[in-house]
Amino acid sequence: VWKHYTPEQGMVSEDVVDFFIDSKNNIWAISGKDAKMEGLVSVAINALSKSDLLVYKNNQWELLENDPNGPTSRVTKVFEASNGDLWFNTYTTGFYKFDGNEWQSFRKDEGFKANHFQSIFEDSRGNLWIGTLGSGVNRFDRKTNRFFRVDSRSFGLRSNDVTSIFEDSNKNLWIGTWGKGIVRF
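Residues numbered from 1 in each chain as written. Predicted model: local features only at pLDDT ≥ 70, side-chain atom pairs only at ≥ 80, totals over all residues. Heavy atoms only, no water.

Draft legend 1. Quick peek at the sheet that holds strand E14 (residues 162–167). Spatially, the three strands line up as an open sheet ordered E14-E15-E16, and their pairing is antiparallel. One side of each edge strand has no neighbouring strand; the edge strands of this open sheet are E14 and strand E16 (182–184). Averaged over all neighbouring strand pairs, the angle between strand axes comes to 15°, with direction disregarded. Note that strand E15 (residues 173–177) and E16 share three bridges and pair antiparallel. (Pairing = 2+ DSSP bridges. Helix = DSSP H or I, 4+ residues; strand = E, 2+ residues; numbered from the N terminus. Axes fitted to C-alpha atoms, helices over the stretch in contact; angles between N-to-C directions.)

Draft legend 2. Just the sheet that holds strand E12 (residues 137–141), in detail. Ordered by their spatial adjacency, four strands build an open sheet running E10-E11-E12-E13, and the pairing between neighbours is antiparallel. Sheet topology places strand E10 (117–122) and strand E13 (146–149) at the edges, where each strand pairs with a single neighbour. With strand direction ignored, the average angle separating the axes of adjacent strands in the sheet is 25°. Of the strand pairs in this sheet, E12 and E13 are connected by four bridges, and their pairing is antiparallel. Paired with Arg139 across the two strands is Phe148, which belongs to E13.

Draft legend 3. The arrangement of the pattern of salt bridges in detail. Summed over the entire model, instances satisfying the criterion amount to three salt bridges. One salt bridge connects Arg125 with Asp123, and the closest N-O pair in it is separated by 3.9 Å. Residue classification places Arg125 among the exposed residues on the basis of a relative accessible area of 54%. Two residues, Arg125 and Glu167, come together in a salt bridge whose shortest N-O distance is 3.6 Å. A residue pair is termed long-range when its members are at least 10 positions apart, and Arg125 in the loop between E10 and strand E11 (128–132) and Glu167 in strand E14 qualify at 42 residues. Judged by its relative accessible area of 16%, Glu167 is buried. What you see here is one network of salt bridges that share partners, running through Asp123, Arg125 and Glu167. (Salt bridge = Lys/Arg side-chain N within 4 Å of Asp/Glu carboxyl O. Buried < 20%, exposed > 50% of the residue type's maximum accessible area, 1.4 Å probe, protein only.)

This is the structure in structure tokens:
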């Protein structure tokens, strides 16, 4: 049986850009409002304009209180790492990690050269890779809890506008760029 969720059932909007189901079966949906992508429906978001925080539990959308430490702009992607941490990729205000209890932000003023995040990928070794617009590729060091920018030349990148990252069965990283093709590392 199909069930349609609308604002009457607690959604921010009927426009859904992407959604994600985590390992705990929580549903996270990136939603739009008034033809603008404006929020994350689930745990988090103060989007382009402030939106509600909702999570789908017990067959209903539940309104949560806004967390001032959570993402503050349009979320473009939700990703769950192998350790269960949820990562929220935003378009302009940084990258956010949620461990189930607390938020941690990673922004331009905390080491990134840009705030425009496009992609996240975890490789077979447990490394998290972030693709940005303007700042190339960044790798997360779990021991120090910090991101480090990878020298684009070591990847053979001709562009610091990275749109996608993935790993093939031979453990090669493939990096898609905006306007400069694909690089295999």
